[in-house]
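# Structural overview
Now for the letters of each chain:
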Amino acid sequence: MERQPLKGRVAVVTGAGRGIGAAIARAFGAAGATVCCSARSAAEVEATAAVIRAAGGAAFAATADVAEADDIARLYASVVAEAGGLDLLVVNAGVSLDQKPVAESDPAAFARTIAVNLTGAYHCARLAIPHMRARGGGRMIMLGSGMGHSSLHGHAAYSCSKAGLWMLVRILADELRADGIAVNELVPGPVDTSMTQVPQRDGSVVRNPVEWLKSPEDVVPLAMFLAAHAPPGPTGQSFSLMRRTF
Ligand SMILES: NC(=O)c1ccc[n+]([C@@H]2O[C@H](COP(=O)([O-])OP(=O)(O)OC[C@H]3O[C@@H](n4cnc5c(N)ncnc54)[C@H](OP(=O)(O)O)[C@@H]3O)[C@@H](O)[C@H]2O)c1
């Protein structure tokens, strides 16, 4: 692969302040893309953008809540003003709230999880379409989960949000194939981030012994493949880094 396979491309990475999103943003910057690093915490996205710039790349930070369509419209307007267009979208921002059985769960936490993980993905994709059409094509990569495919006690909100995302990927892929816009799901499996560092009562952290516990950087090669492959490439597919089948 060429040294800077994303040279000349403009990327938005949501949830780029830490974890998987920050690793993908840094890698896209090193691969030559101009990267807009977005999340709600200004200091975290500024830090990711600063690391990219310090390594000689092009990046800027912009705060946005993916659950708010107006935030995303403003975000893309700033990306077009700053970088001239939009080619790559990584729908990575996500939350896992209120891990309780349905009977004891909080309806507000359920609604918020869907609003961020599923409706947020819808806002990010819908509002990116005209910008990608204006460039003659594009790539969307959505961070899915194995939990969207198999039930896990106490995770209704998160699992339902990711099951919905699975379908959103397929519908978008069908609707956008003729525009040269590819939409794929990246299922990372367990990654050591703030999302998975949930201490138990005894202070330990639950780990699934069957699964490969990754660092955020372990997710980068697959994200890079989905962003950089030569056209036409795959669309409407799920690519998993898990060891368990689902
Ligand atoms: N870690 C895993 O094991 C794992 C496994 C499967 C799938 N995934 C998926 O991979 C993605 C990234 O996970 P991660 O583990 O890297 O999570 P993380 O370390 O908790 O980071 C999540 C990022 O999303 C941002 N975010 C959260 N809510 C947001 C909102 N409403 N609007 C905009 N940004 C928001 C956070 O920043 P702010 O809080 O500042 O907004 C942060 O930058 C998620 O979609 C997750 O579901 C993770």
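Structural notes, computed from the coordinates. Going along each chain's sequence as written, the residues are numbered from 1 onward. Per-residue local features of the predicted model are confined to residues with pLDDT of at least 70, and side-chain atom pairs are confined, for both listing and counting, to 80 or more; whole-chain, interface and lining totals are unaffected and use all residues. To obtain the side-chain values, all non-hydrogen atoms of the structure were used and water was disregarded.

### A few points about helix 1 (residues 19-30)
Here is the rule: Numbered from the N terminus, helices here are DSSP runs of H or I no shorter than four residues, and strands are runs of E no shorter than two. Each residue after the first adds 1.5 Å to the expected span of a helix. For each residue, the accessible area found with a 1.4 Å probe, counting protein chains only, is set against the maximum for its type, and the residue is called buried under 20%, exposed over 50%, and partly exposed in between. It only takes one pair of heavy atoms within 4.5 Å for two residues to be counted as in contact.
In this model, helix 1 (twelve residues) spans 17 Å end to end at C-alpha, consistent with the 16 Å of a helix rising 1.5 Å per residue. Helix 1 sits mainly inside the fold: nine of its twelve residues count as buried. Packed against the buried residues of helix 1 are strand 1 (10-14), strand 2 (34-39), helix 2 (42-54), strand 4 (88-91), strand 5 (138-143) and helix 6 (220-228). With its phi angle positive at about 105 degrees, Gly32 sits one or two positions after the end of helix 1.

### Description of unusual backbone geometry
That bond from Pro231 to Pro232 is cis: its omega, 5 degrees, falls within 30 degrees of zero. Position of Pro232 relative to the elements: it lies in the loop between helix 6 and strand 7 (238-240). A positive phi angle, close to 55 degrees, is found at Asp98, a residue other than glycine. In this structure, Asp98 sits in the loop between strand 4 and helix 4 (107-135). Accessibility expressed as a relative area gives 21% for Asp98, which makes it partly exposed.

### Some details on the pattern of salt bridges
Quick note on the threshold: Salt bridges, as used here, are contacts in which a Lys or Arg side-chain nitrogen is within 4 Å of a carboxyl oxygen on Asp or Glu.
A complete count under the given rule lists eight salt bridges for this structure. Of the charged contacts, one joins Arg74 and Asp71 as a salt bridge, the two residues approaching to 2.9 Å between their closest N and O atoms. Here Arg74 and its partner Asp71 are both found in helix 3 (residues 69-83), three residues apart, which amounts to about one turn of the helix. For Arg74, a relative accessible area of 55% corresponds to the exposed category.

### Quick notes on the environment of Ser161
Quick reminder of the rule: Polar contact is defined as a pair of N or O atoms within 3.5 Å, subject to the rule that within protein one atom must be able to donate a hydrogen and the other to accept it, and that residues adjacent in sequence are counted only when both atoms are side-chain atoms.
By the secondary structure assignment, Ser161 is in helix 5 (residues 156-176). Measuring from C-alpha to C-alpha, the distance between Ser161 and Glu44 comes to 25 Å, with 117 residues separating the pair along the chain. Dropping the residues within four chain positions of it, Ser161 is found in contact with Thr113, Ile114, Asn117 and Leu118. Of note is the side chain of Ser161, whose polar atom sits 2.6 Å from the backbone oxygen of Tyr158.

### What about the environment of Met167?
Along the chain, Met167 falls in helix 5. Accessibility expressed as a relative area gives 41% for Met167, which makes it partly exposed. The spatial distance from the C-alpha of Met167 to the C-alpha of Glu185 is 9.9 Å, given a sequence separation of 18 residues.

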